[in-house]
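Structural features, examined
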Amino acid sequence: MDRFEWGDDSFLPGEKQVLQQRGVALYDGHEKTSFQDGILVLSTHKLIWKDVTDRSRILVLHLSLVVFLEEQPSGFAKSAKIVVHLNAVPSQKKPGPVSHSANHFIRLSFRDAGEREFNQAFSEQLQKRLWEQSLPTATPGPQGGRHRAGIMGIERSLKQKQKDTDKDISKAFEDLSKLMEKAKEMVNLSKTIAAKIKDRQGEISEDETVKFKSYLLSMGIPDPVTRETHGTGDKYYSELAKQLSKVLEKQLQECGGIMTLTDVYCRVNRARGMELLSPEDMLHACELLESLRLPVRMKMFDSGVIVLQLQSHDEERVISDTTDLVKEKTSLTADELAQLQGVSVILAKERLLLTEKVGGVCRDETVEGLRFYSNLFLTRTD
């Protein structure tokens, strides 16, 4: 407690309030103090404790004295606390509530919760150390007087900050440039291997060829459509839609002819490598699939789930297969159907709902979840 000073709740130039919490008590180490019910204010420069009952009692702790924080969870009849470990008492310190303390830490007891948010904000301010960036308001003059920092000093400070920022950005982009160079090497390698496979088709078995092509597919799209290569507007979205259709057609065939838009987004961005697509660009391109008469189209179910499916995808066959499968198994949930058909749970549920819509199955809603049975009202004859 001997690091605290008597003060007020005013802020220095450039200082801002970060967070405020009521119901906070102060402990000198493990010892309880008379400062039991107060408002704790965290600023960019200091910690301020204000007594609720006596507004004249205001304590100030400068953040420069804080070494590190430690969080103590609440227990039986005990409130959560933040342990603040402190540096030694500075030589030029203003008077405070305690002249000397054997403890090198204080504890902040949060009676009304909020300790997690406060601890996170407190830690962030300690990392930023904004109090070190504040310019001195006055410096000793040649005549023993004091004068404010001039415009030249401010300009020098701003230039130095800009140099430090540029240096950090340059260092960050060094690794990014290396990664992009490596990605280009991988794309060139995939093109070379693909050409060799094509030239030596007779010397490589069909299974090896299929396996090798699957490896190439996992490496990514060789020439992804971007705004830099195809401009903006309708042309960009049209070319993007064509590339999506070309890339996804085979994958959709392997997935039963249908795939959720979220799965498509993840797969396409993984294949594009560094040239990531935004969700908006993906959606706009998918909306053009049907108008461009491509083999892939977008569909939205009644539940709001959006999927991409092949033009050849036969919903009547899906309904028939689902009806037969439910009849064979007596009853099915979406999770069970997903395991049987090798599709996601979302698509399995949509197949069951689609089959229910045409009368193929009936639902049973219980505390265990949604289960579907054969529709005996339409199929039973006795």
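No experiment lies behind these values; they were computed from the predicted model shown. (Residues numbered from 1 in each chain as written. Predicted model: local features only at pLDDT ≥ 70, side-chain atom pairs only at ≥ 80, totals over all residues. Heavy atoms only, no water.)

**Thoughts on the nonpolar core**
Counting residues in each nonpolar core, the largest one holds 26 residues, and the members touching the most others are L47, V84, L108 and F122. Of all the elements in the fold, those that place two or more residues in this core are β2 (17–28), β4 (38–43), β5 (46–51), β6 (58–62), β7 (66–72), β8 (80–86), β9 (105–110) and α1 (115–128). Look past the residues within four positions of L108 in its chain and what remains in contact with it is V24, A25, L26, L40, L47, A80, K81, I82, V84 and F122. If you look at the next biggest cluster of nonpolar residues, it comprises 21 residues, including Y237, L252, M259 and L310. (Core = buried A, V, L, I, M, F, W, Y, C linked by side-chain atoms within 4.5 Å. Buried < 20%, exposed > 50% of the residue type's maximum accessible area, 1.4 Å probe, protein only. Helix = DSSP H or I, 4+ residues; strand = E, 2+ residues; numbered from the N terminus. Contact = heavy atoms within 4.5 Å.)

**A closer look at the pattern of salt bridges**
Oppositely charged side chains can form a pair if their charged atoms are brought close together. Scanning the model with the defined rule gives 12 salt bridges in all. Notably, a salt bridge pairs D2 with R3, separated by 2.7 Å at the nearest N-O pair. On the basis of relative accessibility, which here comes to 3%, the residue D2 falls in the buried class. As a salt-bridge pair, R363 and E356 come within 2.8 Å of each other at their nearest N and O atoms. A relative accessible area of 22% means that E356 is categorised as partly exposed. Each of the salt bridges in this network shares a partner with another, and the network as a whole consists of E356, R363 and E365. (Salt bridge = Lys/Arg side-chain N within 4 Å of Asp/Glu carboxyl O.)

**Focus: the packing of helix α6 (residues 261–272) against helix α7 (residues 279–287)**
Their axes nearest at 11 Å, the elements α6 and α7 cross at an angle of 115 degrees. When the interaxial angle is binned, α6 and α7 end up roughly perpendicular. α7 is crossed by α6, and the crossing has right-handed handedness. Two secondary-structure elements touch here, α6 through L261, V264, Y265 and V268 and α7 through P279, M282, L283 and C286. The residue makeup of the contact of α6 with α7, split by class, is 8 nonpolar, no polar and no charged. (Axes fitted to C-alpha atoms, helices over the stretch in contact; angles between N-to-C directions. Parallel < 35°, antiparallel > 145°, perpendicular 65-115°, else oblique. Left-handed = near helix turned anticlockwise from the far one by under 90°. Nonpolar A, V, L, I, M, F, W, Y, C, P; charged D, E, K, R; others polar.)

**Here's the deal with the side chain of H85**
Inspection of the secondary structure puts H85 in strand β8. For H85, a relative accessible area of 19% puts it in the buried group. Here the side chain of H85 touches E70 through a polar contact of 3.1 Å, side chain to side chain. Excluding anything up to four places from it in sequence, H85 contacts L65, V66, V67, F68, E70, H104 and F105. (Polar contact = N/O pair within 3.5 Å; in protein donor to acceptor, adjacent residues only side chain to side chain.)

Limitation: the analysis is restricted to geometry and does not speak to function.
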